[in-house]
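Each chain, letter by letter, is given below.
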Amino acid sequence: MEVSITVNGAKHSSEVEPRLLLVHYLREVLGLTGTHVGCDTGYCGACTVIVDGIPIKSCSMLTVQADGCEVRTVEGVANGPELHPVQEGFWECHGLQCGFCTPGMIMSSVALLERNANPSETEIRQGIEGNLCRCTGYHNIVKSVQYAGAKMRGEDPKGASSEVAS
Amino acid sequence: MTSTSVMGGIVRRKEDPSLIQGKGAYVDDVKRTGELAAVFVRSPFAAATITSIDIEAAKAAPGVHAVYTADDVRHLGPNPAQVAVGTLRPLLADGAVKHVGEAVAMVVAENRYLAQDAADLVFVDYEPGEVVVDLKDAFADKVKVHGDASNILLTWHGHGWWEGVIDLPDPSPGIQEAKERDDTVTVSLEMVNQRLLPTAIEPRAVLADWNSGYGSVELWSSSQIPHAVAGAVGVTFGIPSNKVRVVAPEVGGGFGVKLNVYPDEILVCFASKELGRPVRWTETRREAGFASTQGRGWVGTATITGTADGKILGYELEAICDMGAYSHNFTVAVPLLGLFIAGGQYNFPTSYALHCVVTNTQTTDAYRGAGRPEAAYYLERIVDHFAREIGMDPADVRKANYWKPEDFPVQTAIGLTMDSGDYEKNLDALLDRVGYEDLKAKRDAARAEGRLLGLGLSTYVEVCGFGPSALAGLGFSWGAYGLPTAFNGSGVVRVQPDGTCTVTIGTGPSGQGHETTWAQIVSDGLGIAMDNIEVHHGDSVDLPMGIGTFGSRSIAVDGTATFEATARVRKKAAIIAGHLLEAAPEDIQFADGRAHVAGSPDRAVEWGQIAESAYQPHTLPEGVEGGLESSVVFSPPNATWPFGSHMALVEVDPETGDVDLLEYWATDDCGNVINPMIVDGQLHGGIAQGIAQALYEEAIYDDMGNLLTSSMANYTLPVSTSLPLFSLDRTVTPTDVNPLGVKGVGEAGTIGSAQTIVNAVVDAVAHLGVRHIDMPLRPKRVWQAIQDAKE
């Protein structure tokens, strides 16, 4: 089937099998391997991308369902050489270890902060509940999102995340 | 040291800019031209004879290049294992299957979709046999897994575990004598330490490319032990290890599940050799329950005998340990690691018997802590139970039995030597920080209002940093993979002609931040900026001989090798700089990317000038060889023994049994710390995995050997809303086993945490009559325990 999908601002037209998963389209057709596959059931969230403003698990969406949509992946969140505040937060606050869940975690966090600029710790935890991390115990991920939120609000990010400098 | 010291400081990770932008290359991101994809056909039965396999329809399916069965790969022998006690796994099931999900056939096709289509066309006839899953049934040999052989592979005894090398008297008669005294109390609990799925978020993945011209093969594998895999591939195919290059690129979590040699690693090499094309296999999550090793799985009885004033006179543990059906890398050695810390941080007689038993389930092997979380669980649960039964504070009972600082080095109950420890100081640091007395008062006040608050304590000692060369005789080597090397560390430090630095190390990290920590060691030693140091790991050819990353060993062993190599480079550079500056080498200091004469910061040369001279030997002083690098192999004289104290505050809902984890504190001691941010991160993750075992996770098999929890939908992993923020602190008791004074921290959090939670939950409901609840403490179990206690 013919699909036309805008990914990170660039429009792509492709002929795909109806059963091709969106995550495989991103990874194998477009070569955007930042989006990862960690499970087959939509639980781990490593494949999270933002489709028309909503974070979705791209292992549970067919490519043909994304026809005509705008897709953002981890490769598209930075502003050129300038990291997105969420990326910066994960770096500053040691929000990642193995890094495999990180692209999906970043996309869920970006989407969270776009709909709620000043989330509480509980709201952050609820916002990333669909993304599993096996390395961090989520502790520093929460700090990373707090850091990013403060930065996006124009506040001192290091104050928002008390443990950064501890 | 230098004035630019970054040791002990928080340094942002060098790894992260790549990973946060989606640039990290994991195995599934590495592409080779002409790749084919493999899919496995797996057994639906836990015990069966294979009467026929029909592959014709699959072979004729679109895009299929080959379908392989045992007939094709039998000549390669079984999957090699380092500690080869028990039955080794055939690469593909050969006439029989021993667990659900065992691979029976491999289909190779143009892509994974077509390979899966064809796999569905492989028809296998099975004659189902009797299945044994229950550990006690297996121990009693009610059904035998492998022919007429007993299911009991061996029993590790505390006093006889290394016969002929460490001979110890049997402590049992002395403990028996203590039990018969009038002034002693004996308490006992049977407890399950349940089976777990390690569940790295990146499933395992392999990609092989066999080059028939060179007779060599390249294998990308999501592995913690690339050198061992290279050796195993070489041994299997009869080619030397230098013809095999195994690359572990970015590895998306390990936790022990990637500390193995797997049939799929061998089989993709075989298929690539046969077909002349690169061949890839990527595990699906559901497959991970069948194709990757699992952890824990003990049922045991712990017993303590002591006096009413808290003095413990004997500790006994007898446990049946589930090996699964086949033996892999370290399968039967995992309980041995538990035995290594049998008596924990305590000075009392210890008697251990760990029975290694096979069942019709997937193989078990190392999972974060590997034997030590189990050992710490039984010990710290029964010590807590003993304290309750004699009416003493659990902290006081522990203190009454600790080894004292002046006892070190301590000869343990099983004949090993613990390097250093100050357990009471560590526990007091935790108790002071949490305000122990106030917390107990808060708990008691809440209880008076009918709320079920519980306070749980665990302390622990663990053993890591493997390891001493002598342990090679026990199988702590890669000898079975044709690489008879002890568990050394290795590091190469090279200053490039432009004055930047390349470091290559023998580790196989999966998120531990080695590129950053190792760069800190080198930057501190040479005064070269972090940004000018690149660290490479996870490649069996390009890197020095390495053992990999597991057992919290990398920093204590490979880190030390790099530290020593750095010192040697500095020494040579001082000679060259001294020559250039017309000063004595001993007067040369390194800082800020330069070497200068002590006391005269202006008399200086840049690292680039030193390196330029090093690579132009005619400019060097007499007798100094060209080049500026050093390669060091470090063999530690002993393992290291980190320790710590953990505490949890929980609230149990009396109506539902739901456990709310309110607070978690830990005071750990891993010796000196190079990067506190990374060390704390390791503890966060380790603690989360211990909490997860206590509250959520369980690999459940039914009586027919079906794994009921093979997807994330029914294997309950902790999510972000399951856990609190953790409150960490540390004491620092350096080791003298290595010059860095570091001990290792990868597993400490897991070893200290599961029993902390269980002790807290039991504390919350003990006044109702509950004495123990088996993990995971899901609401139904806790609620049922409360109901049972009422009756």
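Residues numbered from 1 in each chain as written. Chains lettered and ligands numbered in written order. Predicted model: local features only at pLDDT ≥ 70, side-chain atom pairs only at ≥ 80, totals over all residues. Heavy atoms only, no water.

(A) Just the overall build of chain B, in detail. When its secondary structure is counted, chain B shows 20 helices and 30 strands. Scaling as 2.2 N^0.38, a compact globule of 791 residues should have a C-alpha radius of gyration of about 28 Å, and chain B matches this with 27 Å. Projected onto its principal axes, the C-alpha coordinates of chain B cover approximately 90 × 75 × 50 Å. Buried positions account for 66% of the 791 residues belonging to chain B. Partitioning the contacts of chain B with sequence separation of at least 6, the portion at a separation of at least 24 is 80%. Summed over all atoms, the accessible surface of chain B reaches about 26,000 Å², with 49% contributed by carbon and sulfur. Side chains of chain B carry 58 positive and 100 negative charges; the gap between the two charge centres is 2 Å. (Helix = DSSP H or I, 4+ residues; strand = E, 2+ residues; numbered from the N terminus. Rg over C-alpha atoms; globule rule 2.2 N^0.38 Å. Buried < 20%, exposed > 50% of the residue type's maximum accessible area, 1.4 Å probe, protein only. Contact = heavy atoms within 4.5 Å. Areas by Shrake-Rupley, 256 points an atom, 1.4 Å probe, with all protein chains shown as cover. Lys, Arg positive; Asp, Glu negative; His and termini not counted. Charge placed at Lys NZ, Arg CZ, Asp CG, Glu CD.)

(B) Summary view of the pattern of salt bridges. Residue and element names in this part refer to chain B. For the structure shown, the criterion picks out 50 salt bridges over all chains. Arg 74 is the salt-bridge partner of Asp 71, the closest N and O atoms lying 2.7 Å from each other. Residues Arg 74 and Asp 94 are paired through a salt bridge, measuring 2.7 Å at the closest nitrogen-oxygen approach. Linking Arg 74 in the loop between α3 (70-73) and β4 (96-97) with Asp 94 in the loop between α3 and β4, this pair joins segments that are 20 residues apart in sequence. Residue Arg 74 is classed as partly exposed on the basis of its relative accessible area, which comes to 43%. The exposure class assigned to Asp 94 is partly exposed, which follows from its relative accessible area of 37%. A single salt-bridge network, built from bridges that share partners, covers Arg 32, Asp 209, Glu 218, Arg 245, Asp 539 and Asp 542. (Salt bridge = Lys/Arg side-chain N within 4 Å of Asp/Glu carboxyl O.)

(C) Molecular detail of unusual backbone geometry. All names here are of chain B. Note that the residue after Phe 408, namely Pro 409, is joined by a cis bond; omega there is 0°. Residue placement: Pro 409 occurs in the loop between α12 (394-401) and β16 (410-411). Cis geometry is adopted by the peptide bond preceding Pro 776, which originates at Met 775 and carries an omega value of -10°. Residue placement: Pro 776 occurs in the loop between α19 (748-765) and α20 (779-790). The phi torsion at Asp 141 lies on the positive side, around 55°, for a residue other than glycine. Residue placement: Asp 141 occurs in the loop between α5 (135-139) and β7 (152-157). Judged by its relative accessible area of 22%, Asp 141 is partly exposed. Even without a glycine there, the phi angle at Glu 582 is positive, about 55°. Following the sequence through the fold, Glu 582 ends up in the loop between α16 (554-581) and β24 (588-591).

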